[in-house]
Amino acid sequence: MYNPFSLQGKTVLVTGASSGIGRAVAVECAKMGANVVITGRNTERLNETFLALAAGEHLQIVADITTESGINSLVENLPKLDGCVNNAGIAQPLLVQQIEKQDINEVFDINTFAPIVLTQKLLSNKKLNKKASLVFTSSISGVYCSAIGGSLYSASKAAINGFIKGAALDLAGREIRVNSVNPGLIATNIFSEGTVTAEQLDEEIKRYPLRRFGKPEEVAYAVIYLLSAASEWVTGTNLKIDGGFTLL
Amino acid sequence: MELSQFIQDFASCFEDTDASEFTATTTFKDLDEWDSLTTLAIIGMCNKKYATKVTGAEIRESATIQDVYNLLTTKQ
Ligand SMILES: NC(=O)c1ccc[n+]([C@@H]2O[C@H](COP(=O)([O-])OP(=O)(O)OC[C@H]3O[C@@H](n4cnc5c(N)ncnc54)[C@H](OP(=O)(O)O)[C@@H]3O)[C@@H](O)[C@H]2O)c1
């Protein structure tokens, strides 16, 4: 069947696959024919994702990619990849006047440093096939807008979008493409810690022209496009998925 | 953990309200300055000064500063 978005025969690594957007990306990529390697810290939830994958040669590797040993053991155990989805991340609202160095480290370690270090290690360990596609889950936050208490998170995501531009240039010679998806609010566990109240979320929904938050699969579909041959001439781009939020 | 110190820390999350307005029985949501920003400031203060994670919902459920103090002591 004609399908320019197919991932048949491609091997794709997904970080943060034990939850939310990463889980949906892994599940949808497997449905599109990819062999996926999933990673996260929580063994039980990672295995739940693994069990949800359509048939294929999949692998699961538990690792904390903010640690040197964690990221090294992940990379050592990887097959050659056609795609990498750098998706693991955290959001912790904090007001500017309360920021300490330790808070900056915590957010940047996983949102910014880990994806950059992983990209470097995939290259130096020759884990990327020619024409590989690297996708980063950035955000509208920091790139198009921000939110109260969101300065650190925004900075961590804006840094990633800067990295993408330079990396796209460095890797273009090998036809490796580097792009991001930039979601608005997606219903996942990232806000279940309770810093944001149910009432605040109800208020927030009204600011979305399409009148709802996004679903994890809706980010996954964009990631599939960026991983597939359909986007072979697309590099260094940000793909906004936000229900129209940033138009207002 | 001292209630009087906690009241001071609580007061420091507000910019304009005078510190003298804060007592254990202050119903802080009635203060003019109360909004989602002060909620975030209080969550951050509890996390940093008392190493205790409280949620926005828990703060909204509390009426007085004493209630928030009690919440913290049960969590510590
Ligand atoms: N939800 C949204 O509204 C939204 C909007 C824009 C962008 N994003 C971005 O989308 C990405 C995924 O978010 P989500 O909403 O799906 O969040 P989530 O449900 O909380 O999932 C976060 C994932 O990141 C992993 N992770 C966190 N710290 C890690 C570490 N040190 N090492 C390895 N893995 C780690 C978690 O793994 P474990 O649980 O196994 O530790 C989990 O799989 C994040 O980068 C986030 O910033 C989300």
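Everything quoted here is computed from the prediction, not taken from an experiment. (Residues numbered from 1 in each chain as written. Chains lettered and ligands numbered in written order. Predicted model: local features only at pLDDT ≥ 70, side-chain atom pairs only at ≥ 80, totals over all residues. Heavy atoms only, no water.)

(A) How the structure looks around the overall build of chain B. Helix and strand counts for chain B stand at four helices and zero strands. Scanning chain B from its N terminus toward the C terminus, one meets helices and strands in the order α-α-α-α. Relative to the 2.2 N^0.38 estimate, which gives 11 Å for 76 residues, the radius of gyration of chain B is 11 Å and therefore close to what a compact globule would have. Seen along its three principal axes, the alpha-carbon backbone of chain B occupies a region of about 30 × 25 × 20 Å. Within chain B, buried positions represent 50% of all 76 residues. Intrachain contacts of chain B at a sequence separation of at least 6 include 58% that bridge at least 24 residues. Split by element, the accessible area of chain B, about 3,900 Å² in all, is 46% carbon and sulfur. Distance between charge centres in chain B, computed from 6 positive and 13 negative side chains, equals 12 Å. (Helix = DSSP H or I, 4+ residues; strand = E, 2+ residues; numbered from the N terminus. Rg over C-alpha atoms; globule rule 2.2 N^0.38 Å. Buried < 20%, exposed > 50% of the residue type's maximum accessible area, 1.4 Å probe, protein only. Contact = heavy atoms within 4.5 Å. Areas by Shrake-Rupley, 256 points an atom, 1.4 Å probe, with all protein chains shown as cover. Lys, Arg positive; Asp, Glu negative; His and termini not counted. Charge placed at Lys NZ, Arg CZ, Asp CG, Glu CD.)

(B) Examining the site of the ligand more closely. Residues and elements named next belong to chain A. Not every one of the 31 residues close to the ligand is listed here, only the nearest: Ser18, Ser19, Arg41, Tyr153 and Thr188. Side-chain polar atom of Ser18 to an oxygen atom of the ligand: 2.6 Å apart, as the coordinates give it. Within the backbone of Ile21, a nitrogen or oxygen atom sits 2.8 Å from an oxygen atom of the ligand. Relative to its unbound accessible area of 890 Å², the ligand is 93% covered by the protein chains. For the shell around the ligand, the elements supplying multiple residues, two or more each, are helix H1 (20–31) and helix H5 (151–171). (Near = heavy atom within 4 Å. Polar contact = N/O pair within 3.5 Å; in protein donor to acceptor, adjacent residues only side chain to side chain.)

(C) Representation of the nonpolar core within the structure. Residues and elements named next belong to chain A. Core analysis: the biggest nonpolar cluster contains 29 residues, and Val25, Cys29, Val181, Val223 and Leu227 have the highest contact counts within it. Of all the secondary-structure elements, those providing two or more residues to this core are strand S1 (11–15), H1, strand S2 (35–40) and helix H7 (216–227). The contact partners of Val25, leaving out residues within four places of it in the chain, are Val14, Val85, Ala220 and Val223. Ranked by size, the runner-up nonpolar core spans 28 residues in total, among them Val37, Ala88, Ala132 and Ala168. (Core = buried A, V, L, I, M, F, W, Y, C linked by side-chain atoms within 4.5 Å.)

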